[in-house]
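As a plain string of letters, each chain reads:
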Amino acid sequence: MGATKTIHFTDQQNHIATIAKALDHPARIAIIEYLLKVNTCICSDIVDELPLAQSTISQHLKELKNAGLIKRNIEGTSICYCIDEKTFGILKAYFGNIILSVNNQKCS
């Protein structure tokens with residue numbers, strides 16, 4: 001989809017698409033799952049957890065942050081990451097509405 005074509009869609013549609021695009025790589029899913037598992041802000045642990053180079057993980061973290069899926073805090077010389085609850089609340093509401101609609105659908 002060309003950048004100019006996004007003007008034909010609502011802000012919510014564009015926002016959900018941006019979030020979904022950030023989730024299109026298994027490494028990013030693994031990062032999200034790891035952050036959920038540790039349930040705290042972490043700094044360098046992600047590099048030890050995933051079989052990827054630090055620079056690759058940094059790029060994935062950047063994509064997740066730009067989409068609002070994670071947030072970061074600077075603690076001294078370290079950057080620590082954790083889940084951004086607000087964006088996951090948006091996803092929960094969006095997909096919750098889809099699930100309700102599908103459950104009520106009368107299609108055979």
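Refer to the structure presented above.
A quick note: this is a predicted structure, and the numbers were derived from the prediction, not measured.

Undergrad: Even after reading the chapter, I still don't get the overall build of the protein, so can you show me in this structure?
TA: The helix and strand inventory of the protein stands at five helices and two strands. Across the protein, helices and strands are ordered from the amino to the carboxyl terminus as α-α-α-α-β-β-α. Computed over the C-alpha atoms, the radius of gyration of the protein is 16 Å, more than 25% above the 13 Å expected from 2.2 N^0.38 for a compact globule of 108 residues. Projected onto its principal axes, the C-alpha positions of the protein cover 55 × 35 × 25 Å. Put simply, the protein has 108 residues, and 25% of those count as buried. Summarising the internal contacts of the protein: among those between residues at least 6 apart in sequence, 49% fall at separations of at least 24. With an accessible surface of roughly 7600 Å², the protein has 55% of that area assigned to carbon and sulfur atoms. A distance of 9 Å separates the average location of the 11 positive side-chain charges in the protein from that of its 10 negative side-chain charges.

Undergrad: Before we go on, may I ask you to explain the packing of aromatic side chains in this structure?
TA: The description of an aromatic ring pair uses the distance of the two centres, along with the angle that the planes make with each other. Within the structure shown, the criterion is met by one aromatic pair. Relative to F95, the ring of Y94 has its centre 5.2 Å away and its plane inclined at 80°; by these criteria the two rings are edge-to-face. Residue Y94 is classed as partly exposed on the basis of its relative accessible area, which comes to 28%.

Undergrad: When you look at the environment of K65 in this model, what are you seeing that I'm missing?
TA: Inspection of the secondary structure assignment puts K65 in helix α4 (residues 54-66). The spatial distance from the C-alpha of K65 to the C-alpha of I83 is 9.3 Å, given a sequence separation of 18 residues.

Undergrad: It is not clear to me how the pairing of strand β1 (residues 70-75) should be interpreted in this structure. Could you clarify?
TA: Regular strands have side chains that alternate between both faces of the sheet. Pairing geometry for β1 and strand β2 (residues 78-83), over six bridges, is antiparallel. Paired with E75 across the bridge in β2 is S78. Two successive antiparallel strands, β1 and β2, enclose a turn made up of two residues, where G76 displays a positive phi of approximately 70°.

Undergrad: Hey, could you run me through the packing of helix α1 (residues 11-22) against helix α5 (residues 85-104) in this one?
TA: Geometry of a packed helix pair, given as the angle between the helix axes and the separation of the axes. In contact at an axis separation of 11 Å, α1 and α5 are set at 115° when each is read in the N-to-C sense. Classified by the angle their axes make, α1 and α5 are roughly perpendicular. Both α1 and α5 take part in a crossing whose hand is left-handed. Counted together, Q12, H15, I16 and I19 of α1 and T87, I90, L91 and Y94 of α5 form the full contact between these two elements. The residue inventory of the contact of α1 with α5, partitioned by class, reads five nonpolar, three polar and no charged.

Undergrad: Explain the packing of helix α2 (residues 26-38) against α4 here, please?
TA: Running from amino to carboxyl end, α2 crosses α4 at an angle of 75°, the nearest separation of the two axes being 10 Å. It follows that α2 is roughly perpendicular to α4 by the angle criterion. For the pair formed by α2 and α4, the contact residues are A27, R28, I31 and I32 on the first element and I57, H60, L61, E63 and L64 on the second. When grouped by side-chain class, the residues that make up the contact of α2 with α4 number six nonpolar, one polar and two charged.

Cut-offs applied
Residues numbered from 1 in each chain as written. Predicted model: local features only at pLDDT ≥ 70, side-chain atom pairs only at ≥ 80, totals over all residues. Heavy atoms only, no water. Helix = DSSP H or I, 4+ residues; strand = E, 2+ residues; numbered from the N terminus. Rg over C-alpha atoms; globule rule 2.2 N^0.38 Å. Buried < 20%, exposed > 50% of the residue type's maximum accessible area, 1.4 Å probe, protein only. Contact = heavy atoms within 4.5 Å. Areas by Shrake-Rupley, 256 points an atom, 1.4 Å probe, with all protein chains shown as cover. Lys, Arg positive; Asp, Glu negative; His and termini not counted. Charge placed at Lys NZ, Arg CZ, Asp CG, Glu CD. Phe/Tyr/Trp six-rings, centres within 6.5 Å; stacked < 30°, edge-to-face > 60°. Pairing = 2+ DSSP bridges. Axes fitted to C-alpha atoms, helices over the stretch in contact; angles between N-to-C directions. Parallel < 35°, antiparallel > 145°, perpendicular 65-115°, else oblique. Left-handed = near helix turned anticlockwise from the far one by under 90°. Nonpolar A, V, L, I, M, F, W, Y, C, P; charged D, E, K, R; others polar.

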